[in-house]
Number of protein chains: 2
Amino acid sequence: MLLNSDTRDKTMPYCYEYPRPAVTVDVIAFTVREGRLQVLLVQRERPPFAGAWALPGGFVGMEEPLEAAAARELAEETGVEGAYLEQLYTYGAPDRDPRGRVITVAYFALIPADAPVRAEGGDDAAQARWFPINALPDLAFDHAEIIAYALRRLRYKLEYTAVGFQLLPETFTLSELQRVYEIILGESLDKRNFRRRILKADIIEPLDAFRTGEGRPARLYRYKPDAVAEVKARRLFP
Amino acid sequence: MLLNSDTRDKTMPYCYEYPRPAVTVDVIAFTVREGRLQVLLVQRERPPFAGAWALPGGFVGMEEPLEAAAARELAEETGVEGAYLEQLYTYGAPDRDPRGRVITVAYFALIPADAPVRAEGGDDAAQARWFPINALPDLAFDHAEIIAYALRRLRYKLEYTAVGFQLLPETFTLSELQRVYEIILGESLDKRNFRRRILKADIIEPLDAFRTGEGRPARLYRYKPDAVAEVKARRLFP
DNA sequence: ACAGATTGACGCCGATGAGGCGAAAAGCGC
DNA sequence: GCGCTTTTCGCCTCATCGGCGTCAATCTGT
């Protein structure tokens, strides 16, 4: 199966008693820009799937924790550091990579709307671009499946966890926050009810600043640094 | 780091251009027996941690899907097949195994209370035993942390998903089901409210049989095979 | 056989919370 | 000042949840 499982030249210096799969990390980076939920993709340069778009990712270093590898790959592609990062799922179907057995640990990341992302549409060697979630190109490997699952999980997480703030700048208005929710969940919410509920959750705090623009200026809020990330779970079932 | 990264004898026939971590699966098998939530552990025979208790697990075959590997390990230790199995998390701290880099994909399994589990307390080579969740022995590797997380996830899943049935025989009474919930969640529930809510969820169906015992015989129920596993989520947040 | 104990099953009631909606407040551009 | 937009406050209603009383069916001990 593996092309190199029997070769023994000096380009294959790492030998083991039993065969080992390769381990990679892939990052699904979400952001909300231009009023749409977008995902970061990179264009592959080498076979397999040369020219196709794929999730940013790469091999895990031998001394590198998994999450550190994901953070590194994300930083290499976008320059973004300190973004929200969470392990999503590990994919290991034997045939998911034509080069051999590759097991990938998928992470999803939330990039604030105001984070400067470099190489945006750049003509570097490895081109990276944001794609709206509903206008994705053909994807390499099983990355389409991975993104579909990441989107399900993002929506789910948004509904029972205070994680939407990770997609906004540090300060934001209630309307901006609501728009993020509406974009991701794909439904419109009532302004007054949204406001009431999010204030009762006691996870954001008002600031003394306002955002001026059209209409009445809106108060700016900030995510409470000490707020528990998990909204205390009401029992859903039974 | 790896002892064998430079050795080149005939016991190390699998060679690669870059070093690769080993990949294993570990299974956290839960069951409810003797009125307690229990976890399956095996006693290690070899170093490291020889003699210590650990989660059942082992290496992933090169052509084997991850979940298949978990199911195989579980079947080898217990003989149980077809149990509920779900990927939990992937642990990959560089120092979690003193032998070198070992990345493990953890699965948690729910074993029905009536499933015959072989090697229970047997004196086989690899001894396997159930341990009550609140009376665990010292554990090898990072397995204590893994079990703690699995327990959190089990409780969480029980509250928003219809998964408790996986711990019961195919037919059960409402009181038996309630008992499972009480044991896992660690709190007592009101009989009448539990009954009302679980019937409204419309995921179990009454049978024409009754379980006789102390007091009035209780109607037996069965998990609806076509019921959606995920209880349709009410929004929790905001 | 009968009384009391034990467990299962049905239904009401008040409190709580969520969604729907009206209306006032505060700036902006003309 | 006057319309327009957007924010913000507050009320009303309905569904749901938890708490509890009560009856029904069977077992057990005498």
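In the block above lies the structure referred to throughout.
Bear in mind the structure is a predicted one, so any value in this text is a computation, not a measurement.

(A) Focus on the side chain of B:Asp26. All names here are of chain B. Relative to the helices and strands, Asp-26 resides in strand S2 (residues 22-33). It is Arg-96 that comes nearest to the buried, bridge-free Asp-26 among opposite-charge side chains, at 4.2 Å. Those residues in contact with Asp-26, other than ones at most four positions away along the chain, are Leu-55, Pro-56, Gly-57, Arg-96, Thr-104, Val-105, Ala-106, Tyr-107 and His-143.

(B) A look at the sheet that holds strand S10 (residues 204-211) of chain B. Residues and elements named next belong to chain B. Read from one edge to the other, the open sheet built from three strands follows the order S9-S11-S10, with strand pairing classed as antiparallel. Two strands close off the open sheet at either side, each with one partner strand: strand S9 (171-173) and S10. Neighbour to neighbour, the strand axes of the sheet diverge by 40° on average, direction disregarded. Strand direction decides the pairing type here: S10 and strand S11 (residues 218-223), joined by five bridges, are antiparallel. Its bridge partner being in S11, Pro-206 is matched across the sheet by Tyr-221. Packed onto the sheet, helix H3 (residues 174-185) meets S9, S10 and S11 and runs at close to 85° relative to S9.

(C) Looking closely at the pattern of salt bridges. Evaluated as defined, the whole model comprises 22 salt bridges over all chains. Where A:Glu73 meets A:Arg72, a salt bridge forms, and the shortest distance between an N and an O atom there is 3.1 Å. A:Glu73 gets classed as buried once you look at its relative accessible area, which sits at 5%. Overall, the relative accessible area of 27% leaves A:Arg72 in the partly exposed class. Where B:Arg72 meets B:Glu76, a salt bridge forms, and the shortest distance between an N and an O atom there is 3.3 Å. One end of the pair is B:Arg72 and the other is B:Glu76, both in helix H1 (residues 66-78) and four residues apart, which spans about a single turn. Each of A:Glu64, A:Arg72, A:Glu73 and A:Glu76 takes part in salt bridges that share partners, so that together they form one network.

(D) Examining the protein's contact with DNA strand D more closely. Around DNA strand D, the surrounding shell holds 22 residues, and the nearest of these are A:Ser175, A:Lys191, A:Arg195, B:Arg192 and B:Arg197. Each atom of DNA strand D within 4 Å of the protein was assigned to sugar, phosphate or base; sugar and phosphate come to 60%. In the model, a phosphate oxygen of DNA strand D is placed 2.6 Å from a nitrogen or oxygen of the A:Arg195 side chain. Contacts to DNA strand D include B:Arg196, whose side-chain N or O atom sits 3.1 Å from a base nitrogen. Among the secondary structure elements, those contributing two or more residues to the surface near DNA strand D are helix H4 (191-200) and strand S11 (218-223) of chain A together with helix H4 (191-200) of chain B.

(E) Main features of the pairing of strand S6 (residues 84-91) of chain B. Residues and elements named next belong to chain B. The buried count for S6 comes to six of eight residues, which makes it a mostly enclosed element. Pairing of S6 with strand S7 (residues 102-110) involves seven bridges; the strand directions are antiparallel. The residue bridging Tyr-84 from the neighbouring strand is Leu-110, located in S7.

(F) Summary view of the packing of aromatic side chains. All names here are of chain A. In total, this model carries 19 aromatic pairs over all chains according to the counting rule given. Seen from their ring centres, Tyr-84 and Phe-108 are 6.5 Å apart, and the 55° between their planes marks the pair as tilted. In this pair, Tyr-84 is assigned in strand S6 (residues 84-91) and Phe-108 in strand S7 (residues 102-110), connecting sequence segments 24 residues apart. Take Tyr-84: its relative accessible area is 21%, and that puts it in the partly exposed class. Arranged with centres 5.6 Å apart and planes meeting at 65°, the rings of Tyr-181 and Phe-194 form a pair that is edge-to-face. Here Tyr-181, found in helix H3 (residues 174-185), pairs with Phe-194, found in helix H4; they are 13 residues apart in sequence, far enough to count as distant. Judged by relative accessible area, which is 0%, Tyr-181 ranks as buried.

(G) Up close: the state of the cysteines. For the structure shown, the criterion picks out one disulfide over all chains. Sulfur-sulfur distance for the disulfide between A:Cys15 and B:Cys15 comes to 2.3 Å. Every disulfide takes its handedness from the sign of the S-S torsion; for A:Cys15 and B:Cys15 that torsion is 105°, giving right-handed. In this pair, A:Cys15 is assigned in strand S1 (residues 14-16) and B:Cys15 in strand S1 (residues 14-16), connecting two distinct chains. When sorted by exposure, A:Cys15 lands in the same class as B:Cys15, which is buried.

(H) Geometry of unusual backbone geometry. Note that the residue after A:Pro47, namely A:Pro48, is joined by a cis bond; omega there is -5°. Positionally, A:Pro48 belongs in the loop between strand S3 (36-43) and strand S4 (53-54). In this model, B:Phe141 sits at a positive phi of 50°, which is unusual for a non-glycine residue.

(I) Examining the protein's contact with DNA strand C more closely. Near DNA strand C there are 22 residues, and of these A:Arg192, A:Arg197, B:Lys191, B:Arg192 and B:Arg195 occur at the shortest range. In DNA strand C, atoms within 4 Å of the protein come 57% from sugar and phosphate. Contact between DNA strand C and B:Ser175: a phosphate oxygen at 2.8 Å from a side-chain N or O atom of the residue. B:Arg195 is positioned with one of its side-chain polar atoms (N or O) 2.6 Å from a phosphate oxygen of DNA strand C. Counting residues per element, the ones that place at least two in the surface near DNA strand C are H4 of chain A together with H4 and S11 of chain B. In the surface near DNA strand C, the residues fall into three nonpolar, six polar and 13 charged.

(J) Expanded view of the nonpolar core. Counting residues in hydrophobic clusters, the biggest one holds 44 residues, and the most contacted among them are A:Ala29, A:Ile111, B:Ala29 and B:Ile111. Residues B:Leu41, B:Ile133, B:Phe172 and B:Ile203 belong to the second largest nonpolar core, which totals 42 residues.

(K) Representation of the sheet that holds strand S10 (residues 204-211) of chain A. All names here are of chain A. The strand order across the open sheet built from three strands is S9-S11-S10, with neighbouring strands paired in antiparallel fashion. Two strands in the sheet have a free side with no partner beyond their single neighbour: strand S9 (171-173) and S10. Here the strands of the sheet are splayed against their neighbours by 40° on average, with no regard to which way each runs.

The rules we used
- Residues numbered from 1 in each chain as written.
- Chains lettered and ligands numbered in written order.
- Predicted model: local features only at pLDDT ≥ 70, side-chain atom pairs only at ≥ 80, totals over all residues.
- Heavy atoms only, no water.
- Helix = DSSP H or I, 4+ residues; strand = E, 2+ residues; numbered from the N terminus.
- Buried < 20%, exposed > 50% of the residue type's maximum accessible area, 1.4 Å probe, protein only.
- Lys, Arg positive; Asp, Glu negative; His and termini not counted.
- Salt bridge = Lys/Arg side-chain N within 4 Å of Asp/Glu carboxyl O.
- Contact = heavy atoms within 4.5 Å.
- Pairing = 2+ DSSP bridges.
- Axes fitted to C-alpha atoms, helices over the stretch in contact; angles between N-to-C directions.
- Near = heavy atom within 4 Å.
- Polar contact = N/O pair within 3.5 Å; in protein donor to acceptor, adjacent residues only side chain to side chain.
- Phe/Tyr/Trp six-rings, centres within 6.5 Å; stacked < 30°, edge-to-face > 60°.
- Disulfide = S-S within 2.5 Å.
- Nonpolar A, V, L, I, M, F, W, Y, C, P; charged D, E, K, R; others polar.
- Core = buried A, V, L, I, M, F, W, Y, C linked by side-chain atoms within 4.5 Å.

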